[in-house]
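A closer look at the structure
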Amino acid sequence: GWLSVPDGPTFFPTVEEFDGNPVHYINKIRPIAEKYGICKIVPPAGWDPPFCVNMDSPKKFQTKEQLIHRLQEGISFGDGEEYTAREYQKMASEQAMRWRDTNYPDHFATQADGENPPVIDPTESHLSSETPVLSEKVAKPDESADSFQHCDDRRQMTAENLERDYWDIVE
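Everything in this summary refers to the structure shown in the same document. Please read all numbers here as calculations on a predicted model, not as lab measurements. Here the residue index of a chain counts from 1 through its sequence in written order. A pLDDT threshold of at least 70 governs which residues receive local features in this predicted model, and a stricter bar of 80 or more applies before side-chain atom pairs are shown or counted, although totals over entire chains, interfaces and linings include all residues. For side-chain calculations, the full set of non-hydrogen atoms in the structure is used, while hydrogens and water are omitted.

**Topic: the overall build of the protein**
Inclusion rule: The secondary structure listing takes helices from DSSP runs of H or I that are at least 4 residues long and strands from runs of E that are at least 2 residues long, numbered from the N terminus. Between buried and exposed lies partly exposed: a residue is buried under 20% and exposed over 50% of the maximum accessible area for its type, with that area taken using a 1.4 Å probe on protein chains only. When checking whether two residues touch, look at their non-hydrogen atoms; a contact exists if any pair is within 4.5 Å. Note on areas: Shrake-Rupley with a 1.4 Å probe; residue coverage comes only from the protein chains shown.
Looking only at helices and strands, one finds 4 helices and 4 strands in the protein. Element order for the protein, N to C, with α for helix and β for strand: β-α-α-β-β-β-α-α. Relative to its full complement of 171 residues, the protein shows a buried share of 21%. Taking all contacts inside the protein whose residues are at least 6 apart in sequence as the whole, residues at least 24 apart take part in 64%. Accessible area of the protein: about 12900 Å², with a carbon and sulfur share of 53%.

Now the structure itself:
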């Protein structure tokens, strides 16, 4: 027969319980959550945590080189570089732009229906730079204007295309 595994608990703290320092709330529920090995905490509606990274700090942190498409292989990650928060932000933004330009060369072109695609901030993408290029089709500049010609919608960085490409890599 099948082993019945209970679901982990879900907690719904109030604004008062979660304000100030959420770690205090986590410590309060720890005895219950530990019995399950996992829990879910749903922050109260409207809770807006402060951004707590000092971007001007000279302190460096070490990164790991994580090849997302190789996660299922169970290999350990190699050491990456050391960065300050500002250096890391700059490096990640530049890497995201290179990845976008390689994998979605039509991103800034006009869609066939004349609409501009929704803009995705590539600095929020966490995909690997080693993700394979999906197509050789590239938008060609229109020589009679400063804009791009119409393009293949698959070659634009939209949420749908990113999800499709993610699952292509995972599978």
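From this point, the narrative continues.
**Quick look at the nonpolar core**
How we decide: Only buried Ala, Val, Leu, Ile, Met, Phe, Trp, Tyr and Cys residues count toward a nonpolar core, and they belong to the same one when joined by side-chain atoms within 4.5 Å.
Phe11, Phe18, Tyr25, Ile29 and Ala33 form the largest nonpolar core, which has 5 residues in total. Here this core takes 3 residues from helix H2 (residues 22–34), the largest share from any one element. In contact with Ile29, other than residues within four places in its own chain, are Phe11, Cys39 and Ile41.

**Digging into the pattern of salt bridges**
Basically, it comes down to this: Think of a salt bridge as a Lys or Arg side-chain nitrogen and an Asp or Glu carboxyl oxygen that are within 4 Å of each other.
Evaluated as defined, the whole model comprises 7 salt bridges. The closest approach of N and O atoms between Lys64 and Asp79, which form a salt bridge, is 2.7 Å. Here Lys64 is found in strand E3 (residues 61–65), whereas its partner Asp79 is found in strand E4 (residues 78–83), with 15 residues between them in sequence. With relative accessibility at 47%, the residue Lys64 sits in the partly exposed group.

**Re a nonpolar patch on the surface**
Applied cut-off: For patch detection, residues must exceed 30% relative accessible area and be free of salt bridges, and they are connected within 9 Å for like charges or within 5 Å for nonpolar side chains (Val, Leu, Ile, Met, Phe, Trp, Tyr).
On the surface, Ile32, Tyr36 and Ile38 cluster together into a nonpolar patch covering about 300 Å² of accessible area. The topology assignment puts Tyr36 in the loop between H2 and strand E2 (40–41). For Tyr36, a relative accessible area of 41% corresponds to the partly exposed category.

**Things to note about the packing of aromatic side chains**
For any two aromatic rings, the description comes down to two numbers: the centre-to-centre distance and the angle of the planes. The condition that has to hold: Pairing of aromatic rings covers Phe, Tyr and Trp, the last counted by its six-membered ring, and requires centre-to-centre distances within 6.5 Å; plane angles under 30 degrees mean stacked, over 60 mean edge-to-face, and any other angle means tilted.
One pass over the structure, following the stated rule, counts 6 aromatic pairs. Taking the centre distance of 5.8 Å and the plane angle of 80° together, the rings of Phe18 and Tyr25 count as edge-to-face. Per residue, the accessibility class of Phe18 equals that of Tyr25, and both read buried. Following the ring pairs from residue to residue traces out a cluster consisting of Phe18, Tyr25 and Trp47.

**Some words on H2**
To keep things clear, this is the line we draw: What a helix is expected to span follows from its residue count: subtract one and scale by 1.5 Å. Bend, at a single residue, is the angle you get between axes fitted to the 7 residues ending at that residue and the 7 residues starting at it. Whenever a nitrogen or oxygen atom comes within 3.5 Å of another N or O atom, the pair is scored as a polar contact, on the condition that within protein one atom can donate a hydrogen and the other can accept it, and that pairs from neighbouring residues in sequence are kept only if both atoms are in side chains.
Here H2 is 13 residues long and its end C-alpha atoms lie 17 Å apart, about the 18 Å a rise of 1.5 Å per residue gives. Along its length, H2 reaches its greatest deviation from straightness, about 45°, at Lys28, and the proline Pro31 lies no more than four positions downstream. What H2 keeps buried is the set Tyr25, Ile29 and Ala33. Where H2 is buried, its residues contact strand E1 (10–11), helix H1 (15–18) and E2. N-capping of H2 is provided by Asn21, with a side-chain oxygen placed 3.0 Å from the backbone N of Val23.

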